[in-house]
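# Remarks on the overall topology
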Amino acid sequence: MNSSKSPGLAGFGVLKNTTCHTEKKISVFFSIIFMTVGILSNSLAIVILMKAYQRFRQKSKASFLLLASGLVVTDLFGHLINGAIAVFVYASDKDWIRFNQSNILCSVFGICMVFFGLCPLFLGSVMAVERCIGVTKPIFHSTKMTSRHVKMMLTMVCLFAVLIALLPILRFRAYQIQASRTWCFYKTEHVEDWEDRFYLLLFSCLGFLALAISFLCNAVTGITLLRVKFKSQQRQGRSHHFEMIIQLLAIMCVSCICWSPFLVTMARIGINEGRSKETCETILFALRMATWNQILDPWVYILLRKAVLRNLYKITSGCCGVHVINLHMWELSSIKNSLKVAAISESPVSSKQTNLQPLSSMGQ
């Protein structure tokens, strides 16, 4: 019978002829460390982002901070749920037959793996689109991108990720226990049915599409900011744009490095209809790389803040010596001169009064 018709026994066949083994003590240690570090990092990032959101609630940066908070909260729950299930599996000696007779735990584990894998990638691309609109179309962004619209976008992204995760369940296709017996995902061994291949390719294509959208929008945003810098030479209102684009570029680089091995591996399995022993080890390595994405994401907001970057600039200035300090002083003097010119140009009444004072004194 097809595994889709007997979901209670789905994935148990792989337990009899396991070709991929993991060291229990090392795997439990890594799972606990990853979960603990991820929870602490994301919790700290949430506190920082919420404080920043309270300060910039009525400004253009508020929408970006709201999306970033959604990303970090998603990473936090991903560590809590997936990490707790993984630790339970290791603590139960990976005996799925004993505690997963009805395949409920494996289905929940697979749904969470897909949802918490795709949702951060989707949110990263939405953040890149939001910043691209904010820089290239500031008037449209200020009038249309309200907090209510951003919350609607967050809800739509989460619902779309839930739909993708529930798609095998809705089609009566159970998630499969993988050969390492430590996690559940789409069927990745002896893939012969077109639908099983479709799920693997769909996951990979959506992940790569999210990364491509992030790259394109960040490139447009960066080029636009550089053009404004070299043409107008106006510094006012640009620092927070550069801070956000630096954070977005860091998120994009981290996502590409961490997720590309896993997405490529899933695409290869879907195309090649199966995997070997070497591919199983590759999947475990790629899965751990993808886990690091949820750990590194919050540190982007913790480290790449304006205050931290300013302190790093001061340290670099002290280490590099006179040239950087002179450049910094030149930038300060140029800012002061531009502010003086702007103040004079924006106050024509005062200039007229100063011109009339000598005439009135001559009349007297």
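Nothing here was measured: the structure is a model prediction, and the numbers come from that model.

For the rest of this paragraph, the subject is the overall build of the protein chain. Check the secondary structure of the protein chain and you find 13 helices and two strands. Going through the 364 residues of the protein chain one by one, you find that 43% of them count as buried. Of the contacts made within the protein chain by residues no fewer than 6 positions apart, 80% connect residues no fewer than 24 positions apart. Of the roughly 19900 Å² of accessible surface on the protein chain, 68% is carried by carbon and sulfur atoms.

Here we take up the packing of aromatic side chains. With the rule as written, the count across this model stands at 17 aromatic pairs. Both rings, one in phenylalanine 185 and one in phenylalanine 262, keep their centres 5.5 Å apart while their planes meet at 75 degrees; by these two values the pair is edge-to-face. Of this pair, phenylalanine 185 sits in strand S2 (residues 184-185) while phenylalanine 262 sits in helix H9 (residues 239-272); the two residues are 77 residues apart in sequence, bridging distant segments of the chain. Grouping residues by exposure puts phenylalanine 185 and phenylalanine 262 together as buried. Cluster of aromatic residues (ring-pair linked, three or more members): Tyr175, Trp183, Phe185, Tyr186, Phe198, Tyr199, Phe203, Trp259 and Phe262.

Chemically, a disulfide is nothing more than a covalent bond linking the sulfur atoms of two cysteines. This model, assessed by the stated rule, comprises one disulfide. Between cysteine 253, a free cysteine, and cysteine 256, which holds the nearest cysteine sulfur, the sulfur-to-sulfur gap is 6.7 Å.

We now examine the packing of helix H5 (residues 104-136) against helix H7 (residues 147-170). At a closest axis distance of 8 Å, the pairing of H5 and H7 adopts a crossing angle of 145 degrees. The hand of the H5/H7 crossing is right-handed. Packed against H5, whose contacting residues are Ser107, Ile111, Val114, Phe115, Leu118, Cys119, Phe122, Leu123 and Val126, the element H7 presents Met153, Leu154, Val157, Cys158, Phe160, Ala161, Val162, Ile164, Ala165, Leu166 and Ile169 at the interface. Along the lines of polarity and charge, the residues of the contact of H5 with H7 split into 19 nonpolar, one polar and no charged.

Attention now moves to unusual backbone geometry. Look at phenylalanine 172: it is not a glycine, yet its phi comes out positive at around 60 degrees. When you line up the elements, phenylalanine 172 lands in the loop between H7 and strand S1 (176-177). Exposure remark for phenylalanine 172: the relative accessible area of 65% places this residue in the exposed category. Positioned with a positive phi, histidine 190 is a non-glycine residue whose angle comes to about 55 degrees. As for its placement among the helices and strands, histidine 190 is situated in the loop between S2 and helix H8 (194-232). According to the relative accessible area criterion, histidine 190 is exposed, its value standing at 55%.

This next bit is on the UniProt feature "transmembrane region" (unreviewed entry) in the protein chain. Within this structure's numbering, the places UniProt gives as "transmembrane region" (unreviewed entry) are residues 26-50, 62-90, 102-129, 150-170, 198-226 and 246-271. In the segment residues 62-90, helix accounts for 100% and strand for 0%; the C-alpha atoms at its two ends are 41 Å apart. Between the first and last C-alpha atoms of residues 150-170 the distance is 29 Å; the span itself is 100% helix and 0% strand.

Take the confidence of the model for the protein chain next. Interpreting fine coordinate detail is not advised for predicted regions of low pLDDT. Residue-level pLDDT values for the protein chain average 77, and 73% of them are 70 or greater. Mean pLDDT across the elements of the protein chain ranges from a minimum in helix H12 (residues 322-345), with 41, to a maximum in S2, with 94. Predicted confidence for residues 322-364 stays below pLDDT 50, and this span has five contacts to residues more than four positions away or in other chains.

A separate point is the environment of glycine 110. Note on placement: glycine 110 falls in helix H5. Between the alpha carbons of glycine 110 and glutamine 176 there is a distance of 7.8 Å; along the sequence they are 66 residues apart. Beyond its immediate stretch of four places on either side in the chain, glycine 110 contacts Tyr175 and Cys184.

What follows is about the pattern of salt bridges. What the rule picks out here adds up to six salt bridges. Residue aspartate 193 is joined to arginine 173 by a salt bridge in which the shortest nitrogen-to-oxygen separation is 3.3 Å. Pair noted here: aspartate 193 is in the loop between S2 and H8 and arginine 173 is in the loop between H7 and S1, with a separation of 20 residues, a long-range link. By relative accessible area, aspartate 193 is classed as partly exposed at 26%. Given the relative accessible area of 11%, arginine 173 is considered buried. Here glutamate 195 ties to arginine 173 by a salt bridge, and the two come within 3.5 Å at their closest N and O atoms. With glutamate 195 in helix H8 and arginine 173 in the loop between H7 and S1, this residue pair connects regions lying 22 residues apart in the sequence.

The next point concerns H5. The first and last C-alpha atoms of H5 sit 48 Å apart over 33 residues, in line with the 48 Å expected at 1.5 Å per residue. Counting buried positions along H5 yields 27 of 33 residues, so the element is predominantly enclosed.

An ideal rise of 1.5 Å per residue puts 34 Å on 24 residues; H7 measures up with 33 Å between its terminal C-alpha atoms. Along H7, the residues classified as buried are Val150, Leu154, Val157, Ala161, Ile164, Ala165 and Pro168. Remark: phenylalanine 172 follows H7 within two positions and exhibits a positive phi of approximately 60 degrees.

Cut-off values and rules
Residues numbered from 1 in each chain as written. Predicted model: local features only at pLDDT ≥ 70, side-chain atom pairs only at ≥ 80, totals over all residues. Heavy atoms only, no water. Helix = DSSP H or I, 4+ residues; strand = E, 2+ residues; numbered from the N terminus. Buried < 20%, exposed > 50% of the residue type's maximum accessible area, 1.4 Å probe, protein only. Contact = heavy atoms within 4.5 Å. Areas by Shrake-Rupley, 256 points an atom, 1.4 Å probe, with all protein chains shown as cover. Phe/Tyr/Trp six-rings, centres within 6.5 Å; stacked < 30°, edge-to-face > 60°. Disulfide = S-S within 2.5 Å. Axes fitted to C-alpha atoms, helices over the stretch in contact; angles between N-to-C directions. Left-handed = near helix turned anticlockwise from the far one by under 90°. Nonpolar A, V, L, I, M, F, W, Y, C, P; charged D, E, K, R; others polar. UniProt positions renumbered as here; feature names shortened; annotations may be inferred. pLDDT = per-residue confidence, 0-100. Salt bridge = Lys/Arg side-chain N within 4 Å of Asp/Glu carboxyl O. Expected span 1.5 Å × (residues − 1).

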